[in-house]
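So the chains spell out like this:
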Amino acid sequence: MRAGMGRAGTVALLGRPNVGKSTLVNALIGEKVAIVSQRPQTTRHRITAVWTVAEGQAVLFDLPGVHKPLHRMNVQMMHVVRDTLAEVDVVLQLFDAAVATGGGEDYLAALMQEVTTPAILVPTKLDLVDDPDMLARRIAFFTSRRSYAQVVPVSALRRRGLEKLRAAIFAQLPEGEPLLDPSLTTTQSERFFVAELIREAALARVGQELPYAMAVHLRHFEEEEGGGGTLLRVFADLVVERDGQKSILIGAGGKMIKAIGVAARRRIETLLGVRAWLDLRVKVRPGWREQGHFLAELEPLEVAWAPPEGKR
Ligand SMILES: Nc1nc2c(ncn2[C@@H]2O[C@H](COP(=O)(O)OP(=O)(O)OP(=O)(O)O)[C@@H](O)[C@H]2O)c(=O)[nH]1
Ligand SMILES: [Mg+2]
């Protein structure tokens, strides 16, 4: 079979924050398209990953984790989740198999009872599970509330269960031509991805409430072609809500912001195959999570693509 022929459709990754949605998308695609951190609410926008394999093409939508929204930003995040659920061919419903089910899982089970789209239940972080009976009970918590096309436990970190998941996903997709250009792995712009990589470098280094109160706002982004290849010049603000948060991000003698800059630059250079030069500043912007016009500036820019004729 020619690559890209066969089945084609859209897939939403649904689950609470931190269950491993973005890690799984990266593992399936075999390339980093979404940032990951040990903090909940890392993903704030829908990230489109394009997975073209022998069976066909699955367009994967990595989503923000489902949580109770306390700010305008978070309300928008949950709208994206709802809208995506309504439009896809199949839902991958992830839950952390190493964590006891509780109120959050109950909310998701109830949400999925309203969704008629075929769903695959994906217990994640299998490498952290040592009690199979416990896993069976956690799976039953969901399967007693709704029917699932399949249940496929995975460890994205150890690459376990991924082949089975691939088969399960493509079995649910309709026959058809690829929806998007098969040479793409994501539709997000380089500019947006760079801002995300800066945020990822910061998330890996700060604790407590800071991850929620921090955004990366690109002031200026330019590409320069030269003898040594492409040079990216990136001017970005790490935006926080209060002076105290700014001090933490700057760190003693500027140590923290420097470490974030070095780590982000290395990642950008490795992942994009360019040389990068970063100018990072920390800015205080009280209440930014409530400000619609500012939130709009953080929206991902997507590269232009047109679905083939006759597709959505
Ligand atoms: N042990 C183990 N850890 C994992 C696995 N998959 C993801 N993680 C870890 O779980 C944490 C959260 O991963 P993410 O992929 O950012 O989770 P997410 O569901 O996208 O989170 P949000 O974007 O906040 O909704 C990170 O520290 C990952 O390294 C896995 O298979 N095994
Ligand atoms: Mg994520």
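Everything that follows concerns the structure shown earlier in this document.
In this report, the structure presented in the accompanying data block is examined. (Residues numbered from 1 in each chain as written. Chains lettered and ligands numbered in written order. Predicted model: local features only at pLDDT ≥ 70, side-chain atom pairs only at ≥ 80, totals over all residues. Heavy atoms only, no water.)

On the secondary structure map, K21 appears in helix 1 (residues 21–29). No salt bridge is formed by the buried K21. Its closest oppositely charged neighbour is D62, at 5.9 Å. When near neighbours in sequence (up to four residues on either side) are disregarded, K21 contacts L13, L14, G15, R16, D62, L63, P64, G65 and L94. (Helix = DSSP H or I, 4+ residues; strand = E, 2+ residues; numbered from the N terminus. Buried < 20%, exposed > 50% of the residue type's maximum accessible area, 1.4 Å probe, protein only. Lys, Arg positive; Asp, Glu negative; His and termini not counted. Salt bridge = Lys/Arg side-chain N within 4 Å of Asp/Glu carboxyl O. Contact = heavy atoms within 4.5 Å.)

Further remarks concern the sheet that holds strand 2 (residues 47–53). Read across the open sheet, the six strands follow the order 2-3-1-4-5-6; overall the sheet is mixed. Only two strands of the sheet have a single neighbouring strand rather than two, namely strand 2 and strand 6 (150–151). Two elements, strand 1 (residues 7–14) and strand 3 (residues 56–62), share seven bridges in a ladder whose sense is parallel. Bridge assignment links L13 to a residue of strand 3, and that residue is D62. Sitting on the sheet, helix 3 (residues 103–113) is in contact with strand 1, strand 4 (90–96) and strand 5 (119–124), with an inclination near 165° to strand 4. (Pairing = 2+ DSSP bridges. Axes fitted to C-alpha atoms, helices over the stretch in contact; angles between N-to-C directions.)

With that out of the way, let us pick up the coordination of the magnesium ion (ligand 2). Binding of the magnesium ion (ligand 2) to the protein goes through S22 (OG) and T43 (OG1), at separations of 2.0 to 2.1 Å. Of the two residues, S22 is situated in helix 1 and T43 in the loop between helix 1 and strand 2; the sequence distance between them amounts to 21 residues. Overall, the relative accessible area of 8% leaves S22 in the buried class. (Donors = N, O, S within 2.8 Å, 3.2 Å for Na, K, Ca; no water.)

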